[in-house]
Amino acid sequence: MLYENDNESPALTNEVHALIDNGLDFLNKARREFESGQHKHSIVNFWTAVEILLKVPLVHEHWTLVCTGKKISRKNYLAGNFQSVTYDETCDRLRDILEKNLPTETTKIFDKVRKHRNRVVHFYHNAFSETELQNILAEQADAWFSLNRLMRDDWPSLFGHSLNQKLALDETHLLQNNEFYATAKFKYIKPQLDQLVAQGLAVSDCPHCKQTATVEYVSNENSTHPLYELRCHVCLREVDKYIEANCPECTIAQRIYPDDQDFTCQKCHHSLTKYSLLDEGTGRAKDSLCSPLPASCSDCDGYESICEYDGGYFCTQCFTPHESLEPCGYCNHYSNDVGEFSIINGCNFCDGNTKLLDG
């Protein structure tokens with residue numbers, strides 16, 4: 001498996017790639033065991049992943065940095081017949097040689113997991129009462145989060161863009177399926193959330209990860225129809241979105257959601273389509289042959305659901321803003337995403353040139 005790396009950083013060797021793959025294998029195995037309730041095995045495999053991945057910067061610098069003992073040879077190293085540095089020695093060499101000192105809080109978190117691992121391996125771990133189990137799982141989640149922060153935030157030039165994306169996807173999966181990991185991330189971002197509250201933004205509970213981390217943003221506050229989006233800063237889900245619009249008859253403000261079919265005023269019962277309500281067209285006639293509107297949304301397959309809105313375009317079906325529209329080369333219908341060979345393959349809203357496709 002090859003990973004992209006920053007242009008300014010030395011290329012990762014096959015040995016570094018193999019070490020990363022090995023560490024991630026243990027990490028993913030630990031995650032699966034964690035989720036299936038095999039906590040003892042998860043503790044052991046997670047700690048193995050920590051030890052392996054912390055050695056990546058050392059091997060990247062020079063393979064001898066992960067070796068110890070009186071006689072160190074390249075041949076024995078490649079054969080796997082060598083004495084590897086301990087966790088403490090790894091931390092010392094990261095600090096003293098590479099000047100990549102682990103944060104004090106991170107080492108404390110790792111040390112808790114290491115102690116649990118040692119007890120499990122030596123068959124006298126007696127801390128698996130329900131209360132102790134909850135503490136162990138929370139501590140492992142803290143360690144998991146700290147390890148990801150090291151790999152993604154502190155060492156991005158080592159691990160590269162492609163691997164960073166994989167780590168991000170793995171983290172998102174864990175955040176959305178594991179309350180302990182979500183709690184660990186919440187503790188990490190709590191100061192950021194406090195700053196947002198101080199700025200006047202509303203923060204509420206996320207219905208998915210159960211953390212008080214859902215922030216409400218308004219993307220066009222001065223618009224006639226401002227769009228509000230609620231996003232969780234822990235599990236990264238979009239929790240909700242709505243538009244606040246005034247009834248054109250009685251001017252009462254009310255919320256409109258993507259799932260709403262049409263607009264009906266809650267007070268005067270005036271009705272019209274969402275498209276008619278939200279369209280902010282500035283003179284481009286809808287019946288003009290050169291007008292791209294109403295256009296269709298390739299994201300949700302909404303036919304003629306895109307109107308002019310806030311200086312750009314907006315799907316009134318899925319509430320997704322779009323910067324530009326383009327015509328299909330075959331049917332000439334406008335949408336936000338048209339393929340390169342649309343003159344033959346068509347678009348989401350036509351079948352293309354079936355004669356050429358069949359022939």
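Now for a quick tour of the structure. (Residues numbered from 1 in each chain as written. Predicted model: local features only at pLDDT ≥ 70, side-chain atom pairs only at ≥ 80, totals over all residues. Heavy atoms only, no water.)

Describing unusual backbone geometry
- Look at the link from leucine 293 to proline 294: it is a cis peptide, with omega at -5°.
- Position of proline 294 among the secondary structure elements: in the loop between helix H10 (274–278) and strand S10 (295–297).
- One non-glycine residue, threonine 251, lies in the positive phi region at around 65°.
- By the element assignment, threonine 251 lies in the loop between strand S6 (238–246) and strand S7 (253–256).
- Phi is positive for histidine 269, close to 65°, though the residue is something other than glycine.
- Tracing the backbone shows histidine 269 in the loop between strand S8 (262–264) and strand S9 (271–273).
- Judged by relative accessible area, which is 57%, histidine 269 ranks as exposed. (Helix = DSSP H or I, 4+ residues; strand = E, 2+ residues; numbered from the N terminus. Buried < 20%, exposed > 50% of the residue type's maximum accessible area, 1.4 Å probe, protein only.)

Structural notes on the pairing of strand S11 (residues 302–309)
- The element S11 is largely enclosed, with a buried count of six among its eight residues.
- The hairpin turn running from S10 into S11, its antiparallel successor, is four residues long, and aspartate 301 in that turn takes a positive phi close to 60°.
- For S11 and strand S12 (residues 312–315), the ladder comprises four bridges, and the chain directions are antiparallel. Along S12, the bridge assignment pairs cysteine 307 with phenylalanine 314.
- Turn length for the S11-S12 hairpin, with the two strands adjacent in sequence and antiparallel, is two residues, and the turn residue aspartate 310 shows positive phi of about 50°. (Pairing = 2+ DSSP bridges.)

Comments concerning the nonpolar core
- Counting residues in hydrophobic clusters, the biggest one holds 62 residues, and the most contacted among them are Leu27, Phe46, Phe110 and Val234.
- Elements represented by at least two residues in this core include exactly helix H1 (14–35), helix H2 (39–54), helix H3 (56–61), helix H5 (87–96), helix H6 (104–121), helix H7 (130–154), helix H8 (156–177) and helix H9 (179–198).
- Ignoring any residue separated from it by four or fewer positions in sequence, one finds leucine 27 in contact with Phe46, Ala49, Leu53, Trp144, Leu147 and Met151.
- By size, the runner-up hydrophobic cluster in this structure holds 22 residues, among which are Leu227, Cys247, Ile256 and Leu277. (Core = buried A, V, L, I, M, F, W, Y, C linked by side-chain atoms within 4.5 Å. Contact = heavy atoms within 4.5 Å.)

Thoughts on the state of the cysteines
- Considering all chains together, one arrives at zero disulfides under this definition.
- No disulfide involves cysteine 247; its sulfur sits 3.6 Å from the nearest other cysteine sulfur, which is in cysteine 268.
- Here cysteine 297 is not cross-linked by a disulfide; its sulfur's nearest cysteine counterpart is in cysteine 300, at 3.8 Å. (Disulfide = S-S within 2.5 Å.)

A few points about the sheet that holds S7
- Pairing is antiparallel in the open sheet, where five strands are placed in the order S3-S4-S5-S6-S7. What marks the edges here is a single partner per strand, and that holds for strand S3 (203–204) and S7.
- Pairing of strand S4 (residues 214–218) with strand S5 (residues 227–232), which is carried by five bridges, proceeds in the antiparallel orientation. Of the residues in S5, the one forming a bridge with tyrosine 217 is glutamate 229.

Fair warning: the whole summary comes from geometry, so function is off the table for now.
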